[in-house]
Amino acid sequence: MLNRKQFLKTGLLGTIPLSGLGFSGKKKHVGSKPVVIATWFTALRANEAAWEILGNGGYALDAVEAGVMVEENDPKNMSVGYGGRPDREGNVSLDACIMDERGECGAVVFLQNYKNPISVARKVMEETPHIMLAGKGAQQFAKEQGFEEMDLLTPEAKKAWENWLKTSEYKPVVNIENHDTIGMLALDADGRLCGACTTSGAAWKMHGRVGDSPIIGAGLFVDPEAGGACATGLGEEVVKTAGSALIVEMMRQGHSPEEACKIAVDRIISRNKKAGKSLKNTQVGYLALNKDGAFGAYSIQKGFNYAVYNEDGNRRLDSGFRV
Ligand code: ASP
């Protein structure tokens, strides 16, 4: 199999069908492997951690777990893990899910007092007969698995919450600080495609609220025969349109990753249009990676970006957008 650089050198010799059509007659959207992509350019650091594994021939599942943990552990990222913004009652609750190349998955929702929900989600996948644990049950499981219990509310997040209490106005903010949830997709050298998604959810949410990020098919979906997708932004809109599952289905039907993301964005726009609702203050950004290593992104509003690491290096790219 030629890699992308070899393709660029030899493509004109006709070793790859120039029509871009595979045997099935579907369009092929060629990329390279290994590759890792993640939501928001701040994920460049997370990509480095993932590449340490991918670049050494490692497993995509280990890569996405290690990658998103960089953000979970960083108190400066106030939308993920330790230091995440709390709900309106001052509690930090975290959501995450992970999915492997066989379509196996694990998730935790409304997890309190453990800073790496992605690793707890992986344990749910690997150590239980279930796919999702919530609240107290998730906490109990994390404890049994030996994860360290801790207070996740940092002084900065507490201060931000106290400030918010002055108005107590719940208003989702578009592209909040340019780093929300981290969703990450990786394809390793052996062609295994895996994904992870982790968040502290919408700031000042109602106590108990869970968004799209830990919901398989919404915040993340991986199908080894088509590709993977993940989401960031207002989770309620992503869930209502089964965003990531829709994108993977579109790639299966032959759409490029970017086209597939655009179709999912258009779905949100059309259903809100029908309901007469404005999306002026709503952002959703999608990322997709197909089984051949081609990737793309699309968002409702301007301002969504992502980080890609492949044979061409680690870099920031800006997403296409609709509005
Ligand atoms: N999608 C996340 C949620 O709704 C939040 C975000 O990405 O900003 O919980």
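Please refer to the structure higher up on the page.
Keep in mind it's a predicted model, so treat the numbers as computed, not measured.

Trainee: Looking at this structure, I do not really get the packing of aromatic side chains. What am I missing?
Mentor: The final tally for this structure, using the stated rule, is 4 aromatic pairs. Between Trp 40 and Phe 304 the ring centres are 5.1 Å apart and the planes differ by 85 degrees, which places this aromatic pair in the edge-to-face class. Placement of the pair is Trp 40 in the loop between β1 (35-39) and α2 (44-54) and Phe 304 in the loop between β10 (295-299) and β11 (305-310), with a sequence separation of 264 residues. For the pair formed by Trp 40 and Phe 304, the shared burial category is buried.

Trainee: I would appreciate a short explanation of empty space enclosed by the protein in the present structure.
Mentor: Under the counting rule described, the total for this entry stands at 1 cavity of 30 Å³ or more. One number sums up the size of the largest cavity: a volume of about 30 Å³. The wall of the largest cavity is formed by 10 residues, among which Thr 39, Thr 42, Glu 71, Asp 180 and Ile 182 lie closest to the centre. A class-by-class count of the residues in the lining of the largest cavity yields 3 nonpolar, 5 polar and 2 charged.

Trainee: Looking at this structure, how should I read helix α4 (residues 117-127)?
Mentor: One full turn of an α-helix is made of 3.6 residues, so residues set three or four places apart face in the same direction. Counting buried positions along α4 yields 8 of 11 residues, so the element is predominantly enclosed. Within α4, the full set of buried residues consists of Pro 117, Ile 118, Ser 119, Val 120, Ala 121, Arg 122, Val 124 and Met 125. Considering only its buried residues, α4 is in contact with α3 (60-73), β2 (94-99), β3 (105-111), β4 (132-134), α5 (135-144) and β6 (193-199).

Trainee: Can you help me understand the sheet that holds β4 in this one?
Mentor: In sheet architecture, strand pairing relies on hydrogen bonds along the backbone and comes in two forms, parallel and antiparallel. Read across the open sheet, the 8 strands follow the order β4-β3-β2-β6-β5-β1-β11-β12; overall the sheet is mixed. Edge positions in the sheet fall to β4 and β12 (313-318), since each of these pairs with one other strand and no more. If you compare each strand with its neighbour and ignore which way they point, the axes differ by 10 degrees on average. Sheet topology places β3 next to β4; 3 bridges connect them, and they run parallel. Its bridge partner being in β4, Val 108 is matched across the sheet by Leu 133. Across the sheet, α3 lies against β2, β5 (182-187) and β6, angled at about 155 degrees from β5, the strand it touches most. Contacting β2, β3, β4 and β6, α4 runs over the sheet at an angle of about 130 degrees to β3.

Trainee: Looking at this structure, how should I read helix α6 (residues 155-165)?
Mentor: For α6, the set of buried residues is Ala 157, Trp 161 and Trp 164. Buried residues of α6, seen end-on, are gathered within an arc of 60 degrees and therefore sit on one face of the element. Exposed side chains of α6 directed beyond 90 degrees from the buried face belong to Pro 155, Glu 156 and Lys 159.

Trainee: Hey, could you run me through the pattern of salt bridges in this one?
Mentor: If charged atoms from side chains of opposite charge come close, those side chains can pair. Applying the stated criterion across every chain, the model contains 19 salt bridges. Notably, a salt bridge pairs Glu 126 with Arg 122, separated by 2.9 Å at the nearest N-O pair. With Glu 126 and Arg 122 both in helix α4, this residue pair falls 4 residues apart, about one helical turn. Residue Glu 126 is classed as partly exposed on the basis of its relative accessible area, which comes to 42%. The exposure class assigned to Arg 122 is buried, which follows from its relative accessible area of 12%. Among the charged side chains, a network of salt bridges with common partners joins Asp 62, Glu 65, Arg 122 and Glu 126.

About the thresholds
Residues numbered from 1 in each chain as written. Predicted model: local features only at pLDDT ≥ 70, side-chain atom pairs only at ≥ 80, totals over all residues. Heavy atoms only, no water. Phe/Tyr/Trp six-rings, centres within 6.5 Å; stacked < 30°, edge-to-face > 60°. Helix = DSSP H or I, 4+ residues; strand = E, 2+ residues; numbered from the N terminus. Buried < 20%, exposed > 50% of the residue type's maximum accessible area, 1.4 Å probe, protein only. 1 Å grid on protein atoms, 1.4 Å probe; cavity = no way out; pocket = protein on both sides within 12 Å on 5 of 7 lines; lining within 4 Å. Points joined across faces, edges and corners; volume = space filled by probe spheres on them. Nonpolar A, V, L, I, M, F, W, Y, C, P; charged D, E, K, R; others polar. Contact = heavy atoms within 4.5 Å. Pairing = 2+ DSSP bridges. Axes fitted to C-alpha atoms, helices over the stretch in contact; angles between N-to-C directions. Arc of directions from axis to C-beta. Salt bridge = Lys/Arg side-chain N within 4 Å of Asp/Glu carboxyl O.

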